[in-house]
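Structural overview
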Amino acid sequence: MVLLPLAEIVVRQTGSGIPGALPFEQHLTLWVAFLGAALAAREGRLLALATGNFLPEGRFRAIAAVFTGGVSAMVATLLGRASLDLVQIEREGGIEMAAGVPVWVGQAVMPVGFAILALRLAWKSSELWSGRALAALGIVLGLSIGANAESFGELPATPWLVLILGSTLLGGPIFAALGGAAAFLFLSDFVPLAAIPAESYRLAVSPTLAAIPLFTLTGFLLAEGGASERLLRVFRALFGWAPGGTAVVCAVVCAFFTVFTGGSGVTILALGGVLFAALSADGYRERFSLGLLTSSGSLGLLLPPALPLILFGIVAEVPIEDLFIGGLIPGLLLIALIALWGVREGLRGGARRTRVSVPELGSAIWAAKLELLLPVVIVGAIFSGYATLVESAALAALYAFVIQCLVHRDVKLGKPLLAVFRQCTVLVGGVLIILVVAMGLTSWLVDAQAAQSLVELVQNNIESKLVFLLVLNVFLLLVGCLMDIFSATVVVVPLIIPLGLAFGVDPIHLGIIFVANLELGYLTPPVGLNLFLASYRFERPLLKIYRAAVPALIILGIGVLLITYVPGLTLGLLEWMGRS
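Residues numbered from 1 in each chain as written. Predicted model: local features only at pLDDT ≥ 70, side-chain atom pairs only at ≥ 80, totals over all residues. Heavy atoms only, no water.

1. Some details on the overall build of the chain
Counting its regular elements, the chain contains 28 helices and two strands. The C-alpha atoms of the chain give 24 Å as radius of gyration, which agrees with the globular expectation for 580 residues (25 Å, within 12%). Dimensions of the chain along its principal axes, counting C-alpha atoms only, are 75 × 60 × 55 Å. Per-residue burial over the chain gives 56% buried out of 580 residues. Intrachain contacts of the chain at a sequence separation of at least 6 include 81% that bridge at least 24 residues. Carbon and sulfur atoms make up 67% of the accessible area of the chain, which totals about 23,300 Å². The distance from the centre of the 32 positive side-chain charges to the centre of the 33 negative ones in the chain is 16 Å. (Helix = DSSP H or I, 4+ residues; strand = E, 2+ residues; numbered from the N terminus. Rg over C-alpha atoms; globule rule 2.2 N^0.38 Å. Buried < 20%, exposed > 50% of the residue type's maximum accessible area, 1.4 Å probe, protein only. Contact = heavy atoms within 4.5 Å. Areas by Shrake-Rupley, 256 points an atom, 1.4 Å probe, with all protein chains shown as cover. Lys, Arg positive; Asp, Glu negative; His and termini not counted. Charge placed at Lys NZ, Arg CZ, Asp CG, Glu CD.)

2. Observations concerning the side chain of Ser 443
Among the structural elements, Ser 443 can be located in helix α21 (residues 415-447). Contacts of Ser 443, omitting those with residues within four sequence positions, involve Phe 186 and Glu 199.

3. Let's talk about helix α26 (residues 529-538)
Of all 10 residues making up α26, seven are buried, and the element is well covered by its neighbours. Turning to α26, its buried residues number three or more, namely Asn 530, Leu 531, Phe 532, Leu 533, Ala 534, Ser 535 and Phe 538. Contacts from the buried residues of α26 go to α14 (266-281), α15 (286-296) and α27 (542-565). Trailing α26 by a residue or two, Glu 539 shows a phi angle of about 55°, which is positive.

4. Let's talk about the pattern of salt bridges
Note on pairing: side chains with opposite charge can pair once their charged atoms come close. Tallying each qualifying case throughout the model produces 12 salt bridges. Notably, a salt bridge pairs Arg 12 with Glu 391, separated by 2.7 Å at the nearest N-O pair. In this pair, Arg 12 is assigned in helix α1 (residues 3-12) and Glu 391 in helix α20 (residues 389-407), connecting sequence segments 379 residues apart. Judged by its relative accessible area of 5%, Glu 391 is buried. (Salt bridge = Lys/Arg side-chain N within 4 Å of Asp/Glu carboxyl O.)

5. A look at the nonpolar core
Core analysis: the largest hydrophobic core is formed by 198 residues, its most contacted members being Phe 175, Phe 215, Ile 310 and Phe 514. In this view, Phe 215 contacts Phe 260, Pro 305, Leu 307, Ile 310, Ile 378, Leu 389, Ser 392, Ala 393 and Ala 396; residues no more than four positions away in its chain are not counted. (Core = buried A, V, L, I, M, F, W, Y, C linked by side-chain atoms within 4.5 Å.)

6. Some points on a nonpolar patch on the surface
Where nonpolar side chains cluster on the molecular surface, the patch consists of Leu 466, Leu 470, Val 474, Leu 478, Val 550, Ile 554, Ile 558, Leu 561, Leu 562, Tyr 565 and Val 566 and spans about 940 Å² of accessible area. Listed by contribution, the elements that provide at least two residues to the nonpolar patch are α23 (465-482) and α27. The element best represented in the nonpolar patch is α27, accounting for six residues. Within the secondary structure, Val 566 sits in the loop between α27 and α28 (568-577). (Patch = residues over 30% accessible without salt bridge, like charges linked within 9 Å, V, L, I, M, F, W, Y side chains within 5 Å.)

7. So, the packing of helix α10 (residues 195-204) against α21
The N-to-C vectors of α10 and α21 enclose an angle of 120°; their axes lie 7 Å apart at closest approach. One finds that α10 runs oblique with respect to α21. The handedness of the crossing between α10 and α21 is right-handed. Contact with α10, carried on its side by Ile 196, Glu 199, Ser 200, Arg 202, Leu 203 and Ala 204, involves Leu 435, Val 436, Val 437, Met 439, Gly 440 and Ser 443 of α21 and no other residues of that element. Residue composition of the contact of α10 with α21, by class: seven nonpolar, three polar and two charged. (Axes fitted to C-alpha atoms, helices over the stretch in contact; angles between N-to-C directions. Parallel < 35°, antiparallel > 145°, perpendicular 65-115°, else oblique. Left-handed = near helix turned anticlockwise from the far one by under 90°. Nonpolar A, V, L, I, M, F, W, Y, C, P; charged D, E, K, R; others polar.)

8. A look at α20
For α20, which comprises 19 residues, the first-to-last C-alpha distance of 25 Å matches the rise-based estimate of 27 Å (1.5 Å per residue) to within 8%. Arg 409, located one to two residues past α20, shows a positive phi value of around 55°. (Expected span 1.5 Å × (residues − 1).)

9. Description of the environment of Cys 254
Position of Cys 254 among the secondary structure elements: in helix α13 (residues 245-261). By relative accessible area, which is 2% here, Cys 254 ends up buried. Residues Cys 254 and His 27 lie 227 residues apart in sequence; the distance between their C-alpha atoms is 32 Å. If near-sequence neighbours (up to four positions away) are discounted, Cys 254 is found in contact with Thr 267, Leu 275, Leu 293, Ser 296 and Leu 299.

10. Things to note about the confidence of the model for the chain
As a general rule, the predicted coordinates of low-pLDDT regions are not to be interpreted in detail. Mean pLDDT over the chain works out to 86, with 98% of the residues at or above the 70 mark. Helix α7 (residues 149-153) is the least confidently modelled element of the chain, averaging 71 in pLDDT, while helix α5 (residues 109-124) averages 94, the highest of any element. (pLDDT = per-residue confidence, 0-100.)

11. Some thoughts on the state of the cysteines
All chains considered together, the criterion is met by zero disulfides. Its sulfur unpaired, Cys 254 is 6.5 Å from the next cysteine sulfur, which belongs to Cys 250. Of the cysteine sulfurs around Cys 424, a residue in no disulfide, the closest is that of Cys 405, at 13 Å. (Disulfide = S-S within 2.5 Å.)

12. Observations concerning the packing of aromatic side chains
Counted by the stated rule, this structure contains 10 aromatic pairs. Ring centres of Phe 34 and Phe 114 lie 5.0 Å apart, and the angle between their planes is 80°; on these two criteria the pair is classed as edge-to-face. Taken together, the positions of Phe 34 in helix α2 (residues 21-42) and Phe 114 in helix α5 put the pair 80 residues apart, joining distant regions of the chain. Judged by its relative accessible area of 3%, Phe 114 is buried. The lysine or arginine in question, Arg 91, covers the ring of Trp 104, its NZ or CZ lying 4.7 Å from the ring centre. Its guanidinium or amino end placed over the ring of Trp 366, Lys 369 lies 3.9 Å from that ring's centre, counting from NZ or CZ. (Phe/Tyr/Trp six-rings, centres within 6.5 Å; stacked < 30°, edge-to-face > 60°. Lys NZ or Arg CZ within 6 Å of the ring centre and 35° of its normal.)

What follows is the structure, given as structure tokens:
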């Protein structure tokens, strides 16, 4: 996936490019999605709601695991059967992907991937053979439903949706919730289940979706090496002399990494130990340090080339480059607010400062010069027209590989590098499998004209644009603390885009509002993702993390309101550049 777009850049300089490069890249994305999801299932790392963590240890949790494993296996089996139907239809159609390769070859990973998911979900549900056997009944049920779809279509969808909701609240994977809801809603409308993988395939072969795994790989390579220490040294030399300088540095470094990892928690897990030690060494209070790093774990999602902005552009069909420009000032605003909180803490607690040293600054910048140039390389490639978004993502991954593996040699070639690829594939698979099944639910919502009904409902009850924006903020905050940002984008964005247009909200502004609220949702108790990741990483009780994160939640909430009600923060730069 990295090499093909890079070769396309080179060949395009001498001709028209590589025939079939884009279709092959798109189908490789589909393969990474399903094979990565299979790896994530094997390691028990499929994304799920954090509500499962509240279950008591012991017998009840074991029973819940078997129940969720069985329901999830049923959904995966049902989707696998539907995917097989799609592959058979495409095989009979004889449509080619490129270079004589039929489309069904690229799609074949879907039924295989779902089959592996079903088997692994049943197997991982229990350590006892009896528990696994009970969970495997979900596979039998899924095959039965798939073989008798017309009969099941005569039954109401509500009991099945309640079953899936219960499984999800008990810790079942999110992909099963979205895919299962789509499956039974389609069945109740007598629509062939092959419509779900057909929609999944449509998203997977989006021309820009491949940028997500490639930018994620960039973030993993940087996080695995010594880039964090080098950047910490640079920003410490720049800001360490100021009150709260180390806190400011930690916020900036976290934002830098989150741009590439997409708020997936990699920032907290990879950098938390280094940055927490730096804050402690300079005398910052533990509660403040925990709150700062927990909130900074999703800081940077509004800065280019953040993955949520890319996905919003794909789903909402708005220019991704405009989202990059529109998110620049709001993204810097949120970082500045957290930095000011750090300055206040530095003045209040008398945290240690670093003396200004021009030689140290010069030495630090020279050591981190290649990491500091990475954003310039990416943004320059995109906006110069030299490379497409996917090609720029591949360029970023190659650049990170050269820095970490060949120049600094922080990541050794061979098994250590393959381990980075594997970790990245697990994360990407866990995210993309949610996206592709969520497209099925989105398709049902479109067919049911849910967006039009929602617009009518809201317009009949809300007349003021300001009130609408406030209600939207509350709604998105709730969504953000319950769903990951990627699945929320696929499911929710098609519903709110018509609402925004009805109230005269610019789609670019709406996109920045959406991402900013979902960023805030990572911190919202009781189930914000960053709260659980911070509790795990810093080995502190969850309630202690809640208390530590409250000030940051309030501060970022103020920032989100400013972004919402001052559209000039988003659109001003675009208007100045003549792009909106």
